[in-house]
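# A structural walkthrough
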Amino acid sequence: MNEGPKGGRSEPFDNLRGLIGGWDQYYLVPMVRGTGFENDMANYFKDVKPDANVTLLARGSIGAYGGEQMLDVADISQESVEAAGGSFEFGSWDMVKTRFASGTGDVFIQVATRGHPGITELATQNQLTFLQPSGDVLAKMTELYGWGEATLPAGTFSGQDKDVKLPGTTTTLFSSTNMSDDLAYTIVKTICENTEALQNAHKALSDFDCEKNGVWREDVNGIPMHEGALRYFRERGWVQ
């Protein structure tokens, strides 16, 4: 297997097909302990806290993976932070909460939905600033790693008084090309015609709607659509 950035696979899987995308909205959220300064991410590491203690969840988690991508794109390397007297630490949620509570952790980056319990707790128990990556960083996150762009509305978390544009992603249900068209059709039909049950089951799915969310669009799924799924979407008139 060929390896890409951070040890990931560099060659695409050509046998994957989308069924339904746009289930929810995730944000890659950079937050720092403290207030009273601008929320510009580049300025934070340059002038506010160049010796920041960066905490991330364990390597292999999407939050840590995305956090390292964002910092690398912003030219904020582990080496430069450590050279300035800061640190990088990978661990658990309990580690992050302990570091922020004790003042030994300054930065945390994590993938989250609105209402994310861990970040809600962190923001309630600490004064946080939610950092804004530059437009160039957002564009490179899309170009290099396939992240979308999404706006985390002001007031989503305690102390977040501004909208923040962030790398974003969504959940996609997909299959391999081995799935039959009939089975793919049945799965998609069942989901799209029973969305109320999904909305009631999980807060993160409260806005899920097949028609409004454009769940059939290839740019939402990130991969080509399954022919069985497209058959249902054509029946509904959403795809020509």
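Residues numbered from 1 in each chain as written. Predicted model: local features only at pLDDT ≥ 70, side-chain atom pairs only at ≥ 80, totals over all residues. Heavy atoms only, no water.

### Topic: the overall build of the chain
Along the chain, the regular secondary structure elements total ten helices and nine strands. By the compact-globule yardstick of 18 Å for 240 residues, the chain fits well, its C-alpha radius of gyration being 20 Å. Its C-alpha atoms give the chain principal-axis dimensions of about 60 × 40 × 30 Å. Out of the 240 residues belonging to the chain, those deemed buried represent 42%. Once local pairs closer than 6 in sequence are excluded, the contacts in the chain between residues at least 24 apart make up 74%. For the chain, the exposed surface amounts to about 12200 Å²; the carbon and sulfur share of it is 47%. Of the charged side chains in the chain, 20 are positive and 33 negative, and the gap between their average positions amounts to 3 Å. (Helix = DSSP H or I, 4+ residues; strand = E, 2+ residues; numbered from the N terminus. Rg over C-alpha atoms; globule rule 2.2 N^0.38 Å. Buried < 20%, exposed > 50% of the residue type's maximum accessible area, 1.4 Å probe, protein only. Contact = heavy atoms within 4.5 Å. Areas by Shrake-Rupley, 256 points an atom, 1.4 Å probe, with all protein chains shown as cover. Lys, Arg positive; Asp, Glu negative; His and termini not counted. Charge placed at Lys NZ, Arg CZ, Asp CG, Glu CD.)

### Examining the state of the cysteines
A full pass over the atoms with the stated rule returns one disulfide. Between the sulfur atoms of cysteine 192 and its disulfide partner cysteine 210 the distance amounts to 2.1 Å. Of note, the bridge from cysteine 192 to cysteine 210 carries an S-S torsion of about -90 degrees and is left-handed in sense. A residue pair is termed long-range when its members are at least 10 positions apart, and cysteine 192 in helix 7 (residues 181-192) and cysteine 210 in the loop between helix 8 (195-201) and helix 9 (218-221) qualify at 18 residues. Note on accessibility: cysteine 192 and cysteine 210 belong to one class, buried. (Disulfide = S-S within 2.5 Å.)

### Describing helix 4 (residues 93-102)
Structural remark: α-helix, 3.6 residues per turn; residues separated by three or four positions point the same way. For helix 4, every residue scored as buried is listed here: Met95, Val96 and Phe100. Burial along helix 4 is one-sided: seen end-on, the buried residues are contained in an arc of 125 degrees. Residues of helix 4 that are exposed and point more than 90 degrees away from the buried face comprise Asp94 and Ala101. Residues of helix 4 that are buried in the fold lie against strand 2 (26-33), strand 3 (53-57), strand 4 (87-91), strand 5 (107-112), helix 5 (117-125) and strand 6 (128-130). (Arc of directions from axis to C-beta.)

### Looking at the side chain of glutamine 110
Structurally, the position occupied by glutamine 110 is in strand 5. Residues contacting glutamine 110, with those up to four places away along its chain left out, are Tyr27, Leu28, Val29, Met31, Leu57, Gly63, Trp93 and Ile119.

### Observations regarding the packing of aromatic side chains
Within this structure, the stated rule accounts for twelve aromatic pairs. When the centroid spacing of 5.3 Å and the interplanar angle of 85 degrees are considered together, the rings of tyrosine 44 and phenylalanine 45 count as edge-to-face. Using a relative accessible area of 9% as the deciding quantity, one classes phenylalanine 45 as buried. An aromatic cluster is built from Tyr185, Trp216, Tyr232, Phe233 and Trp238, whose rings are joined through pairwise contacts. In this structure, arginine 59 packs its charged tip against the face of phenylalanine 90, placed 3.9 Å from the ring centre. (Phe/Tyr/Trp six-rings, centres within 6.5 Å; stacked < 30°, edge-to-face > 60°. Lys NZ or Arg CZ within 6 Å of the ring centre and 35° of its normal.)

### Some thoughts on unusual backbone geometry
Positive phi values are uncommon outside glycine, yet aspartate 75 reaches one of about 60 degrees. When you line up the elements, aspartate 75 lands in the loop between helix 2 (62-73) and helix 3 (78-83). For aspartate 75, a relative accessible area of 67% corresponds to the exposed category.

### A few points about the confidence of the model for the chain
When pLDDT is averaged along the chain, the result is 92, and 96% of the positions lie at 70 or above. For the stretch residues 1-5, pLDDT sits under 50, and the model shows twelve contacts to residues farther than four places along the chain or on other chains. (pLDDT = per-residue confidence, 0-100.)

### Some points on the side chain of threonine 195
Mapped onto the fold, threonine 195 is located in helix 8. Owing to a relative accessible area of 17%, threonine 195 belongs among the buried residues under this scheme. With near-sequence residues (within four places) excluded, threonine 195 lies in contact with Phe208 and Cys210.

### Some points on the nonpolar core
The biggest cluster of nonpolar side chains holds 22 residues, and the ones touching the most others in it are Phe45 and Val107. Listing elements by their share of this core, those giving two or more residues are strand 2, helix 1 (41-48), strand 3, helix 2, strand 5 and helix 6 (135-145). With four residues, the top contributor of residues to this core is helix 2. Discounting residues that sit within four places of it in the chain, valine 107 has contacts with Met31, Val32, Tyr44, Phe45, Ala52, Asn53, Val54, Thr55 and Phe100. Val188, Trp216, Tyr232 and Trp238 belong to the second largest nonpolar core, which has 20 residues in total. (Core = buried A, V, L, I, M, F, W, Y, C linked by side-chain atoms within 4.5 Å.)

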